[in-house]
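Each chain, written out:
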Amino acid sequence: QVQFVESGGGLVQPGGSLRLSCAASGFTFNNYAMSWYRQVPGNERELVATITAAGTTTYADSAKGRFTISRDNAKNAVYLQLNSLKPEDTAAYFCAARNKFGLRFGSWGQGTQVTVSS
């Protein structure tokens with residue numbers, strides 16, 4: 001069964017940093033692209049960053065220059081380093097796997113809450 005367990009969120013002041021982690025299981029991790037999404041209640045889930053199986057990364061405009069996605073295939077883990085955080089980054093963050101067509105598969109994990117506030 002495909003599973004994702006996100007962690008690392010918390011309360012941070014504007015300008016601060018956090019490192020989110022996602023432990024994945026139930027599929028051959030190193031064969032698939034991984035993405036981070038975020039969601040604010042009442043809004044649709046937003047794609048933040050993606051890292052392909054080969055390690056190529058892409059970012060939403062809101063994340064470019066501030067967030068870094070990385071992966072550790074030996075640990076079946078994907079990470080999102082959040083720097084220079086802004087109040088508008090406040091959201092629940094989720095990871096997901098994507099197949100060769102770019103489609104997400106597996107159920108969503110519980111997410112990890114990031115709150116940016118002074």
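Quick note: structure is the one above.
Anyway, here's the lowdown on the structure attached to this text.

Rules of the game
- Residues numbered from 1 in each chain as written.
- Predicted model: local features only at pLDDT ≥ 70, side-chain atom pairs only at ≥ 80, totals over all residues.
- Heavy atoms only, no water.
- Helix = DSSP H or I, 4+ residues; strand = E, 2+ residues; numbered from the N terminus.
- Rg over C-alpha atoms; globule rule 2.2 N^0.38 Å.
- Contact = heavy atoms within 4.5 Å.
- Areas by Shrake-Rupley, 256 points an atom, 1.4 Å probe, with all protein chains shown as cover.
- Lys, Arg positive; Asp, Glu negative; His and termini not counted.
- Charge placed at Lys NZ, Arg CZ, Asp CG, Glu CD.
- Buried < 20%, exposed > 50% of the residue type's maximum accessible area, 1.4 Å probe, protein only.
- Pairing = 2+ DSSP bridges.

1. Section: the overall build of the protein chain
So, step 1. Within the protein chain, the secondary structure is distributed over zero helices and 11 strands.
So, step 2. For the protein chain, the N- to C-terminal ordering of α and β elements is β-β-β-β-β-β-β-β-β-β-β.
So, step 3. Here the C-alpha atoms of the protein chain give a radius of gyration of 13 Å, agreeing with the 13 Å that 2.2 N^0.38 yields for 118 residues.
So, step 4. Seen along its three principal axes, the alpha-carbon backbone of the protein chain occupies a region of about 40 × 25 × 25 Å.
So, step 5. The contacts in the protein chain between residues at least 6 apart in sequence include a share of 54% that link residues at least 24 apart.
So, step 6. Element-wise, carbon and sulfur atoms account for 48% of the exposed surface of the protein chain, whose accessible area totals about 6100 Å².
So, step 7. Charge-centre separation for the protein chain: the mean point of 11 positive side chains lies 7 Å from the mean point of 7 negative side chains.

2. Brief notes about the pairing of strand E3 (residues 18-25)
So, step 1. Side chains Leu 18, Leu 20, Cys 22 and Ala 24 of E3 all project onto a buried face; the interleaved residues Arg 19, Ser 21, Ala 23 and Ser 25 project onto a face where none is buried.
So, step 2. When strand E1 (residues 3-7) meets E3, the two strands line up antiparallel, connected through five bridges. Bridging across to E3, Gln 3 finds its partner in Ser 25.
So, step 3. Judged from the six bridges that link them, E3 and strand E8 (residues 77-82) form a sheet pairing that is antiparallel. Counterpart to Arg 19 in the pairing with E8 is Gln 81.

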